[in-house]
Amino acid sequence: MNNVLQLKQLTKTYGDFAAVDQLSLSIKEGEIFGFLGANGAGKSTTIHMIASLIPITKGEIEVLGKNIVKNRRFAKSNIGIVPQEIAIYEDMTAYENVRFFAGLYGLRGALLKSRTEEALAFVGLDDKHRSFPRDFSGGMKRRLNIACAIAHRPKLIIMDEPTVGIDPQSRNYILESVKKLNAMGSTVIYTSHYMEEVEEICTRIAIIDHGKIIAEGTQAQLKSIITDQKTIGIEVRTMEGLNLEKLSGIAGVRSVEANEERREIRVSSDAEVNNLNRILKELLADGMEIRAVEERQPSLETVFLTLTGRSLRDN
Amino acid sequence: MNIWRIAVKEMLVSRDVKMLLFMLATPVLLMLILGTVLSNAFSGSQAAGDIRVLYISESGVTADELAAQAEAKGVILEQASSGMEESLREVQDGSYTGFMMIKEAGIHYYGNSRSKLENGIVNGLLTGIAERSKLEATLTELPNEGGAAAAAGGNAGLVKETLLEGSPRPGAMDYFAIAVTTMSIFYYAATAGQLIDNERVRNTAARLLAAPVSKYEIFTGKVIGNVVLNTLFVAVVVFISKYMYDANWGSNMGLVFLVLISLIVFTISMGLAISYLIKGKAAGAVIMIIIQLACLFGGSYFQVVDNGDFISVMSRYSPLTWSNEALVGIIYGNDSGELFAASEAILLNIGISAALLAASIFIMRRREGL
Ligand SMILES: Nc1ncnc2c1ncn2[C@@H]1O[C@H](COP(=O)(O)OP(=O)(O)OP(=O)(O)O)[C@@H](O)[C@H]1O
Ligand SMILES: [Mg+2]
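Since this is a predicted model, take the numbers as computed values, not measurements.

*Asks:* Report on the UniProt feature "transmembrane region" (unreviewed entry) in chain B, specifying residues and quantitative values.
*Replies:* Residue and element names in this part refer to chain B. In the numbering used here, UniProt assigns the feature "transmembrane region" (unreviewed entry) to residues 172-190, 223-243, 255-278, 285-304 and 345-364. Helix makes up 65% of residues 285-304 and strand 0%, and the two end C-alpha atoms of the span are 25 Å apart. What you have in residues 345-364 is 100% helix and 0% strand, and the ends, taken at the C-alpha atoms, are 28 Å apart.

*Asks:* So what's going on with the packing of helix α2 (residues 17-37) of chain B against helix α6 (residues 172-192) of chain B? Residues and values would help.
*Replies:* Residue and element names in this part refer to chain B. Packing of α2 against α6 leaves a shortest axis separation of 9 Å and a crossing angle of 150 degrees. Taken together, the axes of α2 and α6 lie roughly antiparallel to each other. Between α2 and α6 lies a crossing of right-handed hand. In this structure, α2 uses M23, P27, L30, M31, L32, L34 and G35 to contact α6, whose residues at the interface are A172, M173, F176, A177, V180, T181, M183, S184 and Y188. Residue composition of the contact of α2 with α6, grouped by class: 13 nonpolar, three polar and no charged.

*Asks:* Provide a residue-level description of the sheet that holds strand β1 (residues 3-14) of chain A, including the pertinent values.
*Replies:* Residue and element names in this part refer to chain A. Here four strands make up an open sheet; going across it, the order is β2-β1-β4-β5 and the pairing antiparallel. In this open sheet, the two strands that pair with only one neighbour each are β2 (17-28) and β5 (66-67). Sitting on the sheet, helix α1 (residues 43-50) touches β1, β2 and β4 (58-63), and the angle it makes with β1 is about 115 degrees.

*Asks:* Give me the coordination of the magnesium ion (ligand 2): which residues, what numbers.
*Replies:* Around a metal, the idealised angle for a tetrahedral arrangement of four donor atoms is 109.5 degrees; for an octahedral arrangement of six donor atoms it is 90 or 180 degrees. All names here are of chain A. Only S44 (OG) and Q84 (OE1) from the protein reach the magnesium ion (ligand 2) as donors, at distances of 1.9 to 2.2 Å. Of the two residues, S44 sits in helix α1 while Q84 sits in the loop between β6 (79-82) and α3 (94-104), which places them 40 residues apart along the sequence. Judged by relative accessible area, which is 18%, S44 ranks as buried. On the basis of relative accessibility, which here comes to 27%, the residue Q84 falls in the partly exposed class.

Calculation rules
Residues numbered from 1 in each chain as written. Chains lettered and ligands numbered in written order. Predicted model: local features only at pLDDT ≥ 70, side-chain atom pairs only at ≥ 80, totals over all residues. Heavy atoms only, no water. UniProt positions renumbered as here; feature names shortened; annotations may be inferred. Helix = DSSP H or I, 4+ residues; strand = E, 2+ residues; numbered from the N terminus. Axes fitted to C-alpha atoms, helices over the stretch in contact; angles between N-to-C directions. Parallel < 35°, antiparallel > 145°, perpendicular 65-115°, else oblique. Left-handed = near helix turned anticlockwise from the far one by under 90°. Contact = heavy atoms within 4.5 Å. Nonpolar A, V, L, I, M, F, W, Y, C, P; charged D, E, K, R; others polar. Pairing = 2+ DSSP bridges. Donors = N, O, S within 2.8 Å, 3.2 Å for Na, K, Ca; no water. Buried < 20%, exposed > 50% of the residue type's maximum accessible area, 1.4 Å probe, protein only.

Here it is, written out as structure tokens:
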């Protein structure tokens, strides 16, 4: 498979500060590639260089095998960017917004019209052609923000946190759209602060911290990095009486998560410490009814926390 | 093609009907108010009470006699220093109310057709002079200087009055139709100053830059779109003033619009350039100050009389002054003067615009983003 994107020693500095620091990466055709990183890790800065929005300080970017500085128009034509901040004209209708941006990519006439309609239908705004985005909900604006980036059917779609601040329904819609776009042949770069989104859709992930890639691979590969930890999933009848603090205090336990929906308590702890008995005893003492106990893979969240020492989300 | 798309986009985002109506109502109402309230200041002759008449006497009537008679009527008589032809011109251009040719045979008075009231007063004076000086009752026919001859009342034969067509001048509404139109053009600088910032604030700058279009195409498209937009808007204002208020826009509308468009280009270039030169919110304030000063000194609120005082000196530097003067020249001047007045203002407007746009592009090139 061919590389859709290749970053070679990519660097961006602001004064003495390296926002992106010698970052190298290859993304192959057909991938949904996740950028994971805390606030200020350098995700957007990397994306902005790929999309020719800011100059590269050092290093190289190749899109479809061509250097983007030397083939600016070619690179731009093959990329569709969904900016982190919503970028649409509130005073033009949804249709006019998509048509305008698609037009800038060289589409015209009947093709422009059909691709515009197609993009709007794709994000579920086909009944909003004549509506103005100023009257849209946050989720609808986000969807229009995506439609503006895909009407020209780019080979590489870059989505910079496309689901910030929206309702679950719009979020599901967007996640489904990403999968569909990918199935239709687009390679996708996806950044998010929501771990479960990345877990759900990404085929490969790079964890970025301080402008550098600190781990890269499929989810299974990333999870296997962590060998000094074990995660146990304990299924209970009800969560009633659960005392998280008491569990966290047990020797060797690093984190405890409770999943109400699945009625599962996830305990991560040092691999060497044998504390399963202790944990179960505490649960039973609190009157909880245990249904099953299973060894689980560490969550991506745990991987991230372990590698970067910080949580993906500030809040 | 991309330039055109961006230009069209500029127009599409400005379709706010309420905003457009407000923008139209402002100049239209301002014309009405200024044009009616200030109409007194535009009688077309010198200030009231100041009736100045030139004369040449080829009769026995002495200067003292004339002066005594004139004073009684409140008229200032001045002996013409140059010949009759020159004197008639001075009457036509409004420097004097009239000119008297006093001969033994009678008096021929040439009055400016615009000064109806004043001519009436002078007429009384003429009769007095003629009777007292016992001029002969017969009067030879004098050549008619392009004006309608009118025999004056009961002194037919002794006094002949010829009304000279005064060179046309703008009335209050005519003047303010021009001044308010150019002023509303100039206010567009404030909008132009936000054109780039708006793209940044809406983050659409990122999308524009990510698309396969150059910064120049974006810049040019925005300028063209806004020039077209403002031209359409100004055309509506001009036609409303022409047909609703009967304002005189002359017969050469093509030339009038060329001057107006050159001022539009100037205005937009200025707004853009300032927004590039001064980053952030300060740019808006600077543009507003420039607009206010240009309007004040450019005669948008009142006609600036060139009498050497501070305002009239400053007024030379207001683009509104030279644009307004060019428009008055086109509307009221003769053919050759028309072209001259227009080309001067157009060259000045476009020349300065080119410099401002070049400065903007220079800064834009070195900047990250738009
Ligand atoms: N124009 C700039 N000047 C100076 N520093 C900048 C500039 N742009 C970004 N930075 C810095 O570069 C670092 C990386 O920022 P970037 O926006 O790429 O982070 P991010 O990973 O996208 O974060 P977030 O998750 O908050 O979007 C940050 O510390 C930021 O402050
Ligand atoms: Mg970011």
